[in-house]
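Below are the chains, spelled out letter by letter.
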Amino acid sequence: LAKTTQPISMDSYEGQEVNITCSHNNIATNDYITWYQQFPSQGPRFIIQGYKTKVTNEVASLFIPADRKSSTLSLPRVSLSDTAVYYCLVGAGGTSYGKLTFGQGTILTVHP
Amino acid sequence: NAGVTQTPKFRVLKTGQSMTLLCAQDMNHEYMYWYRQDPGMGLRLIHYSVGEGTTAKGEVPDGYNVSRLKKQNFLLGLESAAPSQTSVYFCASSYRLAGVGEQFFGPGTRLTVL
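The following refers to the structure shown.

Rules behind the numbers
- Residues numbered from 1 in each chain as written.
- Chains lettered and ligands numbered in written order.
- Predicted model: local features only at pLDDT ≥ 70, side-chain atom pairs only at ≥ 80, totals over all residues.
- Heavy atoms only, no water.
- Helix = DSSP H or I, 4+ residues; strand = E, 2+ residues; numbered from the N terminus.
- Rg over C-alpha atoms; globule rule 2.2 N^0.38 Å.
- Buried < 20%, exposed > 50% of the residue type's maximum accessible area, 1.4 Å probe, protein only.
- Contact = heavy atoms within 4.5 Å.
- Pairing = 2+ DSSP bridges.
- Axes fitted to C-alpha atoms, helices over the stretch in contact; angles between N-to-C directions.
- Salt bridge = Lys/Arg side-chain N within 4 Å of Asp/Glu carboxyl O.

### Observations regarding the overall build of chain A
Thinking step 1. Looking only at helices and strands, chain A has zero helices and 10 strands in total.
Thinking step 2. Ordered by position in the sequence, the α and β elements of chain A form the string β-β-β-β-β-β-β-β-β-β.
Thinking step 3. In terms of overall dimensions, chain A is globule-like: its C-alpha atoms have a radius of gyration of 14 Å, near the 13 Å expected for 112 residues.
Thinking step 4. C-alpha atoms of chain A, sized along the principal axes, occupy 45 × 30 × 20 Å.
Thinking step 5. A buried classification covers 47% of the 112 residues belonging to chain A.
Thinking step 6. A sequence separation of at least 24 residues applies to 56% of the contacts in chain A between residues at least 6 apart.

Below you can see the structure in the form of structure tokens.
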């Protein structure tokens, strides 16, 4: 399984850009990288997914370097409502069914 | 659409008791998953299913059984509950295999085993 490592917690202020990095040194060739957001007493919610280089959607960007051993979730101009736990998931879409590894999560706290 | 629903939301069991957690999805997804979430451990995959009538083991399957008799339902069973199974259980479903597709999660079931 591709082990993932994230910072346990991060603090930011409203309006700032936040970058959360996930390390996955033994990522496999066919593994994708997915980020989820989780609020207290709720299930995780999909944010963004990528395989290599950069992916951007309406809420976040995902940067993946060429060696794919890490990835960075970028949240532009955070607000108080972005306070949540963010999980990095590395998993395969091919024959490695069931090999899904969530990181321990990063607690992001956004201050006024 | 209700998305993914889980029953019950809370449950307290005594050691040795059995129970079944029900997950239902109305998105016609082929893939379904059961995770457990413990403090400081993130989410760990227990079992998953790639289609009706099929199930497979995930990372932490011991002490659990699953069944997928209907496409929309995925059941997680504990035959003889142990305190180590105290956790929050999440069900998820996806159109594509989770590694390459978005998973939709249910609200969770908080289980306490005394």
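### Digging into the sheet that holds strand β3 (residues 19-25) of chain B
All names here are of chain B.
Thinking step 1. The strand order across the open sheet built from four strands is β1-β3-β8-β7, with neighbouring strands paired in antiparallel fashion. In the strand order of this sheet, the two ends are held by β1 (4-7) and β7 (65-67), each with one partner. Here the average twist between neighbouring strands, direction ignored, is 20°.
Thinking step 2. Taken together, the six bridges between β3 and strand β8 (residues 73-78) define a ladder with antiparallel strand orientation. When the bridges of β8 are listed, L22 appears paired with L75.

### Here's the deal with the sheet that holds strand β2 (residues 18-23) of chain A
Residue and element names in this part refer to chain A.
Thinking step 1. Read from one edge of the open sheet, four strands run β2-β7-β6-β5, paired in antiparallel fashion. Every other strand in the sheet has two partners, leaving β2 and β5 (53-56) as the edge strands with one partner each. Recorded for the sheet is a direction-independent mean angle of 15° between the axes of neighbouring strands.

### Points about the pattern of salt bridges
Residues and elements named next belong to chain B.
Thinking step 1. All chains considered together, the criterion is met by three salt bridges over all chains.
Thinking step 2. In this structure, K71 and E30 form a salt bridge, with 2.9 Å as the shortest nitrogen-oxygen distance. You can see K71 sitting in the loop between β7 and β8 and its partner E30 sitting in the loop between β3 and β4 (31-38), a full 41 residues away along the chain.
Thinking step 3. Across the pair R44 and D38 runs a salt bridge whose closest N-O atoms are separated by 2.8 Å. The same class applies to R44 and to D38, which are both buried.

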